Amino acid sequence: MAFRTKKTFYSLVLPLCLLFFSIFPSTRSLSTVAISENSNQTLVCALTQSSSDQQYSYLNCTSFPRRIQIPLTPLNSSISGIVAGNGFLCALRSRPSSSIIGCWRFSTTAFPEQDWSYKRIYRGLPINDLSAGNSHICGTTRGGLECWQWTEFNSTTIDFQDFTSVAVGEDFVCGLSEYGNIKCLPNNNNTAVSRYKPSGNYSVLAAGFRRACAISVNNGSLECWGDTAGVNPPEGEFTKLALGENRSCAMRPTGTVACWGENHFVLPERLSSTFFVAIEAKKNIFCGITLSDFSLLCWGNEIFENSNSIVLENVVPGPCQSACPCSGPLAGYGSYCSQGLMICEPCVRNSPTAVVILLPPPQQGTTTRGGRGWNKKMVAFLVVGCVGSVSLLAVCCFLFFRYCNVRGCRVHDSGPLDVEANIPPQPTPAAAVAPVLEKRLSHLVSMGNGGHLEEFPLHLLLKATKKFSDDHKIGLGSFGSVYHAVLDDGHEVAIKRAETMAATSATKRQQDDKDNAFVNELEFLSRLNHKNLVKLLGYCEESGELILVYEYMKYGTLHDHLHNLEDSPLMSWPARIKVALDAARGIEYLHVYAVPQIIHCDIKSSNILLDDEWTAKVSDFGLSMMGPSGEESHLSLRPAGTVGYMDPEYYRLQQLTPKSDVYSFGVVMLEMLSGHKAIHRNENGMPRNVVDFVVPYIVQDEIHRVLDPKVAPPTPFEIEAVAYVGYIAVDCVMPEGRHRPTITEIVNSLERALAACYPHSPPLSRSTTGSSA
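Residues numbered from 1 in each chain as written. Predicted model: local features only at pLDDT ≥ 70, side-chain atom pairs only at ≥ 80, totals over all residues. Heavy atoms only, no water.

### Details of the state of the cysteines
Next, step 1: One pass over the full model with this rule turns up 7 disulfides.
Next, step 2: Between the sulfur atoms of Cys-138 and its disulfide mate Cys-147 the distance is 2.1 Å. Disulfide Cys-138-Cys-147: torsion about the S-S bond near 105°, hence right-handed. Comparing Cys-138 with Cys-147 shows no difference in burial state: the two are buried.
Next, step 3: Here Cys-213 engages in a disulfide with Cys-224; their sulfurs sit 2.0 Å apart. The sign of the 110° torsion about the S-S bond sets the Cys-213-Cys-224 disulfide as right-handed. Of this pair, Cys-213 sits in strand 16 (residues 211-216) while Cys-224 sits in strand 17 (residues 222-226); the two residues are 11 residues apart in sequence, bridging distant segments of the chain.
Next, step 4: Note on Cys-213: relative accessible area 0%, which makes it buried. (Disulfide = S-S within 2.5 Å. Buried < 20%, exposed > 50% of the residue type's maximum accessible area, 1.4 Å probe, protein only. Helix = DSSP H or I, 4+ residues; strand = E, 2+ residues; numbered from the N terminus.)

Below, the structure is given as structure tokens:
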């Protein structure tokens with residue numbers, strides 16, 4: 001009975017204690033300093049604090065030997081850490097429910113201040129830790145190990161499911177579990193590291209080129225394995241590690257650093273009495289953040305040995321995190337972290353807040369006699385430890401929920417690292433991104449779509465639009481307002497901002513429609529590329545804002561040129577036919593060449609835009625849908641389209657086919673011919689549809705009676721082409737879709753019509769498109 005009672009106690013209480021420690025994932029090895037070194041250059045990067053604005057951190061890089069500073073503009077404090085390797089720099093941004101990793105690539109043959117390109121490589125489960133070797137990047141999530149640029153580990157490795165810290169070498173990756181165990185992959189003993197499997201419990205893990213080191217939980221001593229080149233690590237107690245190529249450094253509890261390695265590598269004498277709070281290494285270069293003023297000093301080659309100057313000042317001394325499970329907060333952390341987060345001191349074994357419970361499971365048949373098994377003293381120690389731990393957990397939970405009730409807690413995504421300088425975030429609508437919407441966005445990124453798109457920071461867009469002022473507003477789209485802006489690099493862009501509403505039962509469906517339109521447009525345009533489709537440059541999903549950024553179309557919409565502008569280059573028939581042909585080619589790309597096929601669902605003159613070369617491009621994919629195969633249709637219960645342009649067959653039967661776009665495009669062509677809006681008022685002030693008004697004249701060969709009077713009468717060559725376009729438009733607006741031409745037939749016909757505007761063209765026949773009637 002005694003054994004059964006103790007076994008029950010063990011099975012119930014010990015997991016509770018372990019649960020306490022598991023809810024604080026370790027981020028101790030995340031670094032705010034990253035180094036990239038190759039044969040002819042060194043790049044040192046760090047998160048630094050602005051002297052004028054303590055609310056933001058900046059990612060700054062300095063290249064050597066030219067010592068050129070490369071500021072990568074301000075980031076807000078959701079940046080957890082940075083890593084670098086040969087030709088790349090990556091940053092980890094953490095949110096409560098997800099993490100984002102974005103990377104810059106730069107040339108390894110020229111100085112890295114040239115040709116930087118940014119790309120987001122990950123968005124998904126929260127990353128507990130991130131590490132990079134010369135070529136590879138790995139991180140740990142609750143799902144296991146994730147690696148990038150490493151085909152051997154290009155998917156989640158569940159062997160690392162309970163690991164919270166990771167270290168990457170040249171051809172291996174090691175993980176440290178929350179219980180202090182170490183595991184290395186590959187486990188085939190082909191690497192120097194894999195030939196030795198360390199046993200015991202460790203608190204810190206680091207990897208170099210072909211070796212790894214760890215700090216023991218028991219006494220803080222160092223244990224190194226792999227290719228150690230016969231050099232033993234120093235003795236004593238240590239708290240942090242930095243491993244390079246055949247050389248290493250470790251930090252003592254006091255903050256001083258000891259180094260060892262090939263060719264009698266040691267810490268420079270000038271730094272022997274310097275106290276550090278963090279150290280980092282890559283190949284031959286080592287850097288440390290000083291305790292006195294958080295400046296960054298480096299050593300390891302002649303560039304740094306011959307200079308006592310500071311590489312970067314006011315460096316963020318560590319990652320901001322929610323709790324310090326094994327140490328206290330670092331003095332002055334409030335200047336670097338937002339409210340509720342803190343920077344932790346290095347873990348020390350005798351720290352008052354450090355609690356280590358490493359108990360083996362009870363063996364079958366053990367008793368309390370003879371000093372074996374569980375005695376009263378051990379049980380009392382376990383109870384006290386667990387009660388204290390649970391009490392601390394309760395206090396933390398109370399403070400957290402109190403903070404949320406008072407201040408409000410919401411998901412915040414700070415955007416990429418290349419954001420605009422000195423522009424603080426502005427108040428945005430309180431509505432947050434719905435979970436379903438966020439899930440769709442995450443899925444879109446995880447599927448690899450949109451990898452070429454830039455993730456614009458909200459600060460930059462707020463500055464460029466003067467906080468979305470009406471002075472910059474140029475129109476409306478399917479899910480929000482459109483603004484004109486000029487970025488700091490001189491590029492003109494169009495910014496479409498989703499409109500958010502208060503969460504009421506009356507507006508919830510409308511908001512859902514806008515959210516769906518945003519994701520639709522992002523999803524479709526992220527994988528489309530055609531000269532007659534408006535190009536999507538990037539997006540912003542931050543602080544509840546949903547924003548898309550496009551190339552700027554200098555000459556506005558076709559609708560404005562037809563109905564609002566008194567003077568326009570489109571006041572000629574060849575120019576209008578050319579615009580129709582451009583738009584038809586864009587639609588043809590959607591119907592014929594996009595995989596899967598796309599039905600735009602909202603073709604109208606205000607969604608056909610003109611660039612600075614008067615090329616027409618189709619825009620606004622917020623209502624678009626995946627099209628059925630061939631001439632089939634699918635049932636759509638969602639209304640899509642604009643009154644006056646909407647296919648009557650689709651409106652009546654809810655049967656959506658590519659011919660629905662053809663009908664809408666036919667209405668656009670009737671607009672271009674007549675100069676009348678799709679729905680306009682007749683002489684008596686009554687609403688009239690352009691189809692009902694214009695088609696009878698075209699059928700009776702009297703198109704000249706309804707041509708736009710603002711355009712000069714067509715020449716003898718042009719009149720034939722204009723009449724031909726009229727016949728095409730009539731075919732497009734036939735009541736039944738099966739009688740309408742395909743978009744490819746329309747493109748071919750418009751090409752012939754445009755050619756007919758000029759001398760020496762073949763005659764046009766009355767039979768226009770060869771429709772599949």
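After presenting the structure, the write-up continues.
### Topic: the pattern of salt bridges
Next, step 1: One pass over the full model with this rule turns up 16 salt bridges.
Next, step 2: Between Asp-488 and Lys-463 there is a salt bridge, and its shortest N-O distance comes to 3.5 Å. One end of the pair, Asp-488, is in the loop between strand 26 (480-486) and strand 27 (492-498); the other, Lys-463, is in helix 5 (residues 458-464), and 25 residues separate them in sequence.
Next, step 3: Given a relative accessible area of 52%, Asp-488 falls into the exposed group.
Next, step 4: Take Lys-463: its relative accessible area is 37%, and that puts it in the partly exposed class.
Next, step 5: For Arg-688, the salt bridge identified is with Glu-683, shortest N-O distance 3.7 Å.
Next, step 6: A residue is classified by how much of its surface remains accessible, and Glu-683, at 68% relative accessible area, is exposed. (Salt bridge = Lys/Arg side-chain N within 4 Å of Asp/Glu carboxyl O.)

### A look at the confidence of the model for the protein chain
Next, step 1: Per-residue confidence for the protein chain averages 77 on the pLDDT scale, and 71% of its residues sit at or above 70.
Next, step 2: In this model residues 1-27 is a low-confidence stretch, pLDDT under 50, and it forms 41 contacts with partners more than four residues away in sequence or in other chains.
Next, step 3: Scored below 50 in pLDDT, residues 351-373 makes 35 contacts in the model with residues more than four places away or belonging to other chains. (pLDDT = per-residue confidence, 0-100. Contact = heavy atoms within 4.5 Å.)

### Some words on the packing of aromatic side chains
Next, step 1: If you walk through the whole model with that rule in mind, you get 7 aromatic pairs.
Next, step 2: Joined through ring pairs, the aromatic side chains of Phe-265, Phe-276, Phe-286 and Trp-299 make up one cluster.
Next, step 3: For the cation-ring pair, Arg-247 lies above Phe-265, with the distance from its terminal atom to the ring centre recorded as 4.0 Å.
Next, step 4: One cation-aromatic arrangement involves Arg-576 over Trp-573; the distance from NZ or CZ to the ring centre is 5.7 Å. (Phe/Tyr/Trp six-rings, centres within 6.5 Å; stacked < 30°, edge-to-face > 60°. Lys NZ or Arg CZ within 6 Å of the ring centre and 35° of its normal.)

### Points about the packing of helix 12 (residues 716-732) against helix 13 (residues 743-756)
Next, step 1: The N-to-C vectors of helix 12 and helix 13 enclose an angle of 165°; their axes lie 8 Å apart at closest approach. Here helix 12 is positioned roughly antiparallel relative to helix 13, judged by the angle of their axes. For helix 12 against helix 13, the interelement crossing comes out left-handed. Residues Phe-717, Ala-721, Tyr-724, Val-725, Ile-728 and Cys-732 of helix 12 form the contact with helix 13, whose own contacting residues are Ile-746, Ser-749, Leu-750, Arg-752, Ala-753 and Ala-756. (Axes fitted to C-alpha atoms, helices over the stretch in contact; angles between N-to-C directions. Parallel < 35°, antiparallel > 145°, perpendicular 65-115°, else oblique. Left-handed = near helix turned anticlockwise from the far one by under 90°.)

### A closer look at the sheet that holds strand 13 (residues 173-177)
Next, step 1: Spatial ordering of the open sheet is given by 12-13-14, a layout of 3 strands whose pairing is antiparallel. In this open sheet, the two strands that pair with only one neighbour each are strand 12 (163-168) and strand 14 (182-185). Averaged over all pairs of adjacent strands, the angle between their axes in this sheet comes to 25°, without regard to strand direction.
Next, step 2: Bridge analysis of strand 13 against strand 14 gives 4 bridges, and the strand direction is antiparallel. Looking at the pairing, Leu-176 lines up with Ile-182 of strand 14. (Pairing = 2+ DSSP bridges.)

### Describing the sheet that holds strand 9 (residues 129-132)
Next, step 1: One open sheet accounts for 3 strands, arranged 9-10-11; its pairing is antiparallel. Edge positions in the open sheet fall to strand 9 and strand 11 (144-148), since each of these has one partner strand only. Across this sheet, the average inter-strand angle for adjacent strands is 20°, counted without regard to direction.
Next, step 2: As defined by bridge partners, strand 10 (residues 137-141) adjoins strand 11 across 5 bridges and the pair is classed as antiparallel. By the bridge assignment for strand 11, Gly-139 is matched with Glu-146.

### Description of the nonpolar core
Next, step 1: Among the nonpolar cores identified, the biggest contains 84 residues, and Leu-528, Phe-665, Leu-670, Ile-746 and Leu-750 are the most heavily contacted of them.
Next, step 2: With 11 residues, helix 8 (residues 573-593) is the largest single contributor of residues to this core.
Next, step 3: Apart from the residues within four sequence positions on either side, Leu-528 is in contact with Leu-533, Tyr-589, Leu-590, Ala-594, Ile-598 and Phe-621. (Core = buried A, V, L, I, M, F, W, Y, C linked by side-chain atoms within 4.5 Å.)

### Points about helix 13
Next, step 1: When the terminal C-alpha atoms of helix 13 are compared, their 20 Å separation across 14 residues agrees well with the 20 Å that a helix rising 1.5 Å per residue should span.
Next, step 2: Taken residue by residue, helix 13 has Ile-743, Ile-746, Val-747, Ser-749, Leu-750, Ala-753, Leu-754 and Ala-756 as its buried positions.
Next, step 3: Elements in contact with the buried residues of helix 13: helix 8, helix 10 (658-674) and helix 12. (Expected span 1.5 Å × (residues − 1).)

### Some points on the pairing of strand 26
Next, step 1: Taken across its 7 residues, strand 26 has 6 buried, putting it largely inside the fold.
Next, step 2: Note: strand 25 (residues 473-476) against strand 26, 3 bridges, orientation antiparallel. From the neighbouring strand, Leu-476 faces strand 26, where its bridge partner is Ser-481.
Next, step 3: The loop that links strand 25 with its antiparallel partner strand 26 comprises 3 residues.
Next, step 4: For strand 26 and strand 27, the ladder comprises 7 bridges, and the chain directions are antiparallel. Along strand 27, the bridge assignment pairs Val-482 with Lys-496.

### A few points about the environment of Ala-712
Next, step 1: Note on placement: Ala-712 falls in the loop between helix 11 (690-699) and helix 12.
Next, step 2: Measuring from C-alpha to C-alpha, the distance between Ala-712 and Ser-572 comes to 6.8 Å, with 140 residues separating the pair along the chain.
Next, step 3: Not counting residues up to four positions away in its chain, the partners in contact with Ala-712 are Met-571 and Trp-573.

### Thoughts on unusual backbone geometry
Next, step 1: Look at the link from Phe-64 to Pro-65: it is a cis peptide, with omega at 10°.
Next, step 2: By the secondary structure assignment, Pro-65 is in the loop between strand 3 (57-64) and strand 4 (68-75).
Next, step 3: That bond from Val-595 to Pro-596 is cis: its omega, -5°, falls within 30 degrees of zero.
Next, step 4: Within the element layout of this structure, Pro-596 appears in the loop between helix 8 and strand 30 (598-599).
Next, step 5: Its identity is not glycine, yet His-264 carries a phi of approximately 60°, on the positive side.
Next, step 6: In this structure His-264 comes out as exposed when scored by relative accessible area, which is 76%.
Next, step 7: With a phi close to 50°, Lys-466 is a non-glycine residue in the positive phi region.
Next, step 8: Checked against the element boundaries, Lys-466 lands in the loop between helix 5 and strand 25.

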